[in-house]
Amino acid sequence: VFGLGVAFRTKDGAWTVGGEWTRVGYSSITRNLNPVIFAAGKIRLSDGDEFHLGAEHVFVRSNPVLALRIGAWWDPAHSVGSGPAADFFEQIIFRNGDSEVHWSAGVGVVFKKLQLDLGADFSKTADIASLSLVYRF
């Protein structure tokens, strides 16, 4: 994986807007899978480009500090796909995927020694939530 990103933060620190391009070498995953199937080139996993955009607003004067986040990202088709030489059963098992847009949202709260972050990612194929708790001592 490699990428390039840029972010802009307002002088007061309340707003941050950023974007990122990431090149993901999905094809390298096949090196650790069944070498007979993948060496023959019957099943492939293509590399892809992801594009991320996001914004965060931090209520810097609130106590505790509150942050609201929103974003979107492009997830390229990178599921295991069957090539033209694959037989009927391999085409059923290793179906090609579609590219899709993911939408994300989150909230963070920072107390004196504790930080709590909740985020969610929504797409056509899956919805994912993540919770993070950090204690500083």
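Residues numbered from 1 in each chain as written. Predicted model: local features only at pLDDT ≥ 70, side-chain atom pairs only at ≥ 80, totals over all residues. Heavy atoms only, no water.

### Concerning the pairing of strand β9 (residues 127-135)
Logical step 1: Here β9 lies mainly on the outside; 0 of its 9 residues are buried.
Logical step 2: Connecting strand β8 (residues 114-122) to the antiparallel partner β9 that follows it, the hairpin turn spans 4 residues. (Buried < 20%, exposed > 50% of the residue type's maximum accessible area, 1.4 Å probe, protein only. Helix = DSSP H or I, 4+ residues; strand = E, 2+ residues; numbered from the N terminus. Pairing = 2+ DSSP bridges.)

### Things to note about a nonpolar patch on the surface
Logical step 1: Among the surface-exposed residues, Phe 51, Trp 74, Val 101, Trp 103 and Phe 122 lie close enough to one another that they form a single nonpolar patch of about 520 Å² accessible area.
Logical step 2: Mapped onto the secondary structure, Val 101 falls in strand β7 (residues 100-110).
Logical step 3: Relative accessible area serves as the criterion here: at 35%, Val 101 is assigned to the partly exposed category. (Patch = residues over 30% accessible without salt bridge, like charges linked within 9 Å, V, L, I, M, F, W, Y side chains within 5 Å. Areas by Shrake-Rupley, 256 points an atom, 1.4 Å probe, with all protein chains shown as cover. Salt bridge = Lys/Arg side-chain N within 4 Å of Asp/Glu carboxyl O.)

### Here we look at the pattern of salt bridges
Logical step 1: Within the structure shown, the criterion is met by 3 salt bridges.
Logical step 2: For Asp 49, the salt bridge goes to Arg 23, with nearest N and O atoms at 3.1 Å. Highlighted residues: Asp 49 in strand β4 (residues 48-59) and Arg 23 in strand β2 (residues 15-24), separated in sequence by 26 residues.
Logical step 3: Looking at Asp 49, the relative accessible area reads 26%, which means it is partly exposed.

### A closer look at the sheet that holds β7
Logical step 1: Pairing within the open sheet is antiparallel, and its 7 strands lie in the order β1-β2-β4-β5-β7-β8-β9. Each having just a single partner strand, β1 (2-9) and β9 make up the two edges of the open sheet. Each neighbouring strand pair of the sheet contributes to a mean axis angle of 15 degrees, computed without reference to strand direction.
Logical step 2: Relative to β4, β2 runs antiparallel, the two sharing 10 bridges. Residue pairing across strands places Arg 23 opposite Asp 49, the latter belonging to β4. (Axes fitted to C-alpha atoms, helices over the stretch in contact; angles between N-to-C directions.)

### Focus on the packing of aromatic side chains
To describe a pair of aromatic rings, one takes the distance between the centres and the angle between the planes.
Logical step 1: Evaluation of the coordinates by the stated rule reveals 2 aromatic pairs.
Logical step 2: Seen from their ring centres, Phe 2 and Trp 21 are 5.7 Å apart, and the 75 degrees between their planes marks the pair as edge-to-face. Residue Phe 2 is located in strand β1, and its partner Trp 21 is located in strand β2; the two are separated by 19 residues in the primary sequence.
Logical step 3: Classification of Phe 2 as exposed rests on a relative accessible area of 51%.
Logical step 4: Look at Tyr 135 and Phe 137: their rings are 6.2 Å apart centre to centre, the planes differ by 25 degrees, and that puts the pair in the stacked class. Taken individually, Tyr 135 and Phe 137 each receive the classification exposed, so the pair is uniform in this respect. (Phe/Tyr/Trp six-rings, centres within 6.5 Å; stacked < 30°, edge-to-face > 60°.)

### Considerations on the environment of Leu 66
Logical step 1: Mapped onto the secondary structure, Leu 66 falls in strand β5 (residues 65-75).
Logical step 2: Taking the C-alpha atoms as reference points, Leu 66 and Val 109, separated by 43 residues in sequence, lie 4.7 Å from one another.
Logical step 3: Residues within four places of Leu 66 in sequence aside, it is in contact with His 57, Val 58, Phe 59, Val 107, Gly 108 and Val 109. (Contact = heavy atoms within 4.5 Å.)

### Considering unusual backbone geometry
Logical step 1: Following Asn 63, the chain continues to Pro 64 via a peptide bond in cis, the omega torsion being 10 degrees.
Logical step 2: Tracing the sequence through the fold places Pro 64 in the loop between β4 and β5.

### Structural notes on the side chain of Thr 22
Logical step 1: Considering the arrangement of structural elements, one finds Thr 22 in strand β2.
Logical step 2: Accessibility expressed as a relative area gives 8% for Thr 22, which makes it buried.
Logical step 3: When sequence neighbours within four positions are dropped, the list of residues in contact with Thr 22 reads Val 1, Phe 2, Gly 3, Gly 48, Asp 49, Glu 50 and His 52.

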